[in-house]
Amino acid sequence: MSEWLPLSLTLGYVLLALVIGLGGRAGRSSNALEEWGVAGRSMGPVTLYLLIAAGSVSAYTFMGAPGWAYAKGVPVFYVVVYLGYLALVAWYFGPRVWAFGAHFGHVTQASAIADRYQSPGLGALAALVMAIGSLAYAVLQTIGSAYILNVMSGGRIPIWLGVVIVLGAIAVYLTLRGQRAIGRTNVFQGILMFAVAWSVGLWATHSATGQWGFDEVYRQALAERPAFLTLPGAGGDMSFAFWTTSIIVSMLSFMPPVWTQWMSATSARTLRLSATWLPSYYLVILPLVTVGFIGVFALPGLERADTVVLEYAMANLPVLLVGLLGSGTLAASMSSSEPFIHSVALSLSRDVIGPWAGFSDERAGRWAKRLIVPLMALVIAPLAIAEPGSLVMILLIGLGFASQVLPAFIGMFFWPRANARGVTAGILAGFVVTVACITLWPHPLGIHAGFWGLLVNLPVFVVTSLASAPTDESVVERFFRLAAPVWAEKRWGAHREERHGRATRGRAVDNGV
């Protein structure tokens with residue numbers, strides 16, 4: 001019985017997630033694009049807090065990050081910097097994005113880009129480039145899910161079957177309930193993940209050192225394996241340049257699901273409150289990374305570093321806790337794959353197919369639902385079954401592509417002179433360079449491929465924008481009155497007063513005054 005308990009708990013979680021997700025309708029129709037896409041902009045602060053937090057804590061937190069701690073050491077803490085920055089981004093930009101959605105009816109990131117630059121083609125380009133990063137992330141999570149089921153079953157569930165089981169469950173509730181299902185499942189998943197991570201981390205530390213604190217683990221690493229606590233890490237392949245540029249690229253990647261989550265809030269104040277709490281959740285990373293360091297001494301020579309937490313737990317922890325670890329890790333991967341699959345389907349329908357086919361919002365919503373299964377069957381499942389490389393490296397490559405859309409956001413929040421031609425030229429140039437620096441000359445000089453893309457992207461964006469006609473002034477004013485209201489009031493408020501003054505003086509002359 002004990003042999004089957006971990007697998008039973010893990011598979012039981014899949015069933016429970018399906019039940020919770022299908023409850024997402026709660027008497028509301030999910031046919032409307034706004035309801036399926038952003039849950040009718042109805043999520044309160046607690047739900048939103050756990051939606052964003054659970055969505056950013058994924059399989060790489062339970063598997064990839066401990067795996068990097070096991071194989072490389074301290075370079076894994078790039079994720080702490082990255083996630084901390086995400087909370088600041090949510091606090092500052094989130095309310096502005098929410099205001100765009102509430103005032104202009106946006107439900108996707110690409111629809112905001114198309115509106116700001118008055119270019120459906122640019123919105124489609126942004127959606128396609130972002131889809132590469134988003135699908136890479138979904139593949140990463142699916143691989144994590146399949147590994148969990150494979151390990152928990154002692155190899156009885158092959159990777160391909162694990163992929164089918166997890167994607168099949170997600171497909172059902174995501175298709176039927178959309179963003180509301182993601183919110184409901186992420187609330188449960190977020191609580192489960194935090195509890196499991198700290199339980200496993202503390203128990204594993206006590207098992208390895210006889211203490212309940214983590215300090216002895218790091219003292220041992222400092223004394224016996226000091227290379228694990230400095231760059232370039234134990235493998236010698238994580239240079240300061242690559243570590244730093246990986247953080248920068250990750251920080252500058254405004255992923256589409258994040259925008260969708262922000263636009264799901266009931267108000268800007270709700271969003272800012274949730275963002276203020278976010279860093280508290282990211283403490284979930286510390287105990288799992290510590291288990292990775294424990295594995296350096298307890299499990300030398302692992303064939304797959306990404307499985308260090310699962311392998312250590314199955315060898316040293318109580319069987320009930322192993323089962324909960326399987327459920328928690330599966331929760332982490334599912335909670336992150338859901339929003340990325342959802343956002344890709346939503347944006348492809350609304351921003352790529354819709355403008356070309358002349359879809360109404362209602363028809364775009366129906367097509368978004370229909371795209372869920374094809375995306376899973378034709379893209380995510382085959383790539384996940386092929387198991388392409390390290391989980392964390394897949395994430396970094398995906399973020400490298402996503403970061404190339406940065407010019408669109410600069411023009412949306414900071415630079416009114418940006419236009420569609422400049423943004424398009426920058427994205428295309430950065431995309432080509434990023435592809436070249438991944439395939440032909442991987443990460444030249446130890447610098448992340450996405451960073452090289454940005455070094456070409458941004459100058460091309462600025463020069464092309466300055467050399468071509470600006471976006472219609474009324475559109476720019478409409479956005480910047482929400483993105484930078486004080487600055488906008490100084491600029492356009494003065495213009496209106498000048499126009500009013502000139503009109504008054506003109507009427508006075510006509511009247512002989």
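Residues numbered from 1 in each chain as written. Predicted model: local features only at pLDDT ≥ 70, side-chain atom pairs only at ≥ 80, totals over all residues. Heavy atoms only, no water.

Student: Could you clarify how one ought to interpret the overall build of the chain in this entry?
Tutor: Tallying secondary structure elements over the chain gives 23 helices and zero strands in all. A globule of 513 residues ought to have a C-alpha radius of gyration of about 24 Å, and the chain, at 24 Å, matches this closely. Over its C-alpha atoms, taken along the principal directions, the chain stretches across nearly 100 × 55 × 40 Å. Looking at the 513 residues of the chain, the share that counts as buried comes to 56%. Long-range contacts, defined here as pairs at least 24 residues apart, represent 84% of the contacts in the chain between residues at least 6 apart. Total accessible area on the chain is roughly 19,400 Å²; 67% of this is exposed by carbon and sulfur atoms. (Helix = DSSP H or I, 4+ residues; strand = E, 2+ residues; numbered from the N terminus. Rg over C-alpha atoms; globule rule 2.2 N^0.38 Å. Buried < 20%, exposed > 50% of the residue type's maximum accessible area, 1.4 Å probe, protein only. Contact = heavy atoms within 4.5 Å. Areas by Shrake-Rupley, 256 points an atom, 1.4 Å probe, with all protein chains shown as cover.)

Student: Mind showing me how you'd approach the confidence of the model for the chain here?
Tutor: Detailed reading of the predicted model is not advised wherever pLDDT is low. Mean pLDDT over the chain works out to 88, with 92% of the residues at or above the 70 mark. Note that pLDDT drops below 50 for residues 497–513; the model gives that stretch one contact with residues more than four away or on any other chain. (pLDDT = per-residue confidence, 0-100.)

Student: When you look at the pattern of salt bridges in this model, what are you seeing that I'm missing?
Tutor: Taken as a whole, this structure holds 13 salt bridges when the rule is applied. Linking glutamate 34 and arginine 41 is a salt bridge whose minimum nitrogen-to-oxygen distance equals 3.2 Å. Linking aspartate 361 and arginine 350 is a salt bridge whose minimum nitrogen-to-oxygen distance equals 3.9 Å. On the criterion of sequence distance, the pair formed by aspartate 361 in helix H17 (residues 361–386) and arginine 350 in helix H16 (residues 319–357) is long-range, its members being 11 residues apart. The exposure class assigned to aspartate 361 is partly exposed, which follows from its relative accessible area of 47%. In the salt-bridge network here, residues are joined through shared partners; they are Asp215, Glu216 and Arg219. (Salt bridge = Lys/Arg side-chain N within 4 Å of Asp/Glu carboxyl O.)

Student: Sorry if this is basic, but what is going on with unusual backbone geometry here?
Tutor: Excluding glycine, a negative phi dihedral is what most residues carry, and trans is how most peptide bonds are arranged. Of note, the bond from leucine 231 into proline 232 is cis; its omega dihedral lies within 30 degrees of zero at 15°. With respect to the helices and strands, the residue proline 232 is situated in the loop between helix H10 (215–224) and helix H11 (240–251). Positioned with a positive phi, histidine 443 is a non-glycine residue whose angle comes to about 45°. As for its placement among the helices and strands, histidine 443 is situated in the loop between helix H20 (420–439) and helix H21 (449–467).

Student: Help me out: how do you make sense of the environment of asparagine 419 in this one?
Tutor: In this fold, asparagine 419 is placed in the loop between helix H19 (406–413) and H20. By relative accessible area, which is 2% here, asparagine 419 ends up buried. Excluding its chain neighbours within four sequence positions, the residues that come into contact with asparagine 419 are Tyr117, Thr464, Ser465, Ser468, Ala469, Pro470 and Thr471. Here glycine 422 takes part through its backbone nitrogen, which lies 2.8 Å from a polar atom of the side chain of asparagine 419. Only 3.2 Å separates the side chain of asparagine 419 from the backbone oxygen of serine 465, close enough to count as a polar contact. (Polar contact = N/O pair within 3.5 Å; in protein donor to acceptor, adjacent residues only side chain to side chain.)

Student: Please explain the packing of aromatic side chains as it appears in this structure.
Tutor: Each aromatic ring pair is specified by the distance between its two centres and by the angle formed by the two planes. Within this structure, the stated rule accounts for 25 aromatic pairs. When the centroid spacing of 5.9 Å and the interplanar angle of 85° are considered together, the rings of phenylalanine 93 and phenylalanine 414 count as edge-to-face. Of this pair, phenylalanine 93 sits in helix H5 (residues 78–104) while phenylalanine 414 sits in the loop between H19 and H20, and the two are 321 residues apart along the sequence. Take phenylalanine 93: its relative accessible area is 9%, and that puts it in the buried class. Residue classification places phenylalanine 414 among the exposed residues on the basis of a relative accessible area of 52%. (Phe/Tyr/Trp six-rings, centres within 6.5 Å; stacked < 30°, edge-to-face > 60°.)

Student: I keep staring at the packing of helix H4 (residues 59–71) against helix H7 (residues 120–152) and nothing clicks. Help me out?
Tutor: Two elements in contact, H4 and H7, have axes whose closest approach is 9 Å; the angle formed by their N-to-C orientations is 80°. When the axes of H4 and H7 are compared, the pair comes out roughly perpendicular. From H4, Ala59, Tyr60 and Met63 reach across to H7, where they touch Tyr137, Leu140, Gln141, Gly144, Tyr147 and Ile148. Per-class residue counts for the contact of H4 with H7 are seven nonpolar, two polar and no charged. (Axes fitted to C-alpha atoms, helices over the stretch in contact; angles between N-to-C directions. Parallel < 35°, antiparallel > 145°, perpendicular 65-115°, else oblique. Nonpolar A, V, L, I, M, F, W, Y, C, P; charged D, E, K, R; others polar.)

Student: Explain a nonpolar patch on the surface to me, please; I cannot follow it from the model alone.
Tutor: On the surface, Leu22, Val172 and Leu176 cluster together to form a nonpolar patch covering roughly 200 Å² of accessible area. Topologically, leucine 176 is positioned in helix H8 (residues 159–177). (Patch = residues over 30% accessible without salt bridge, like charges linked within 9 Å, V, L, I, M, F, W, Y side chains within 5 Å.)

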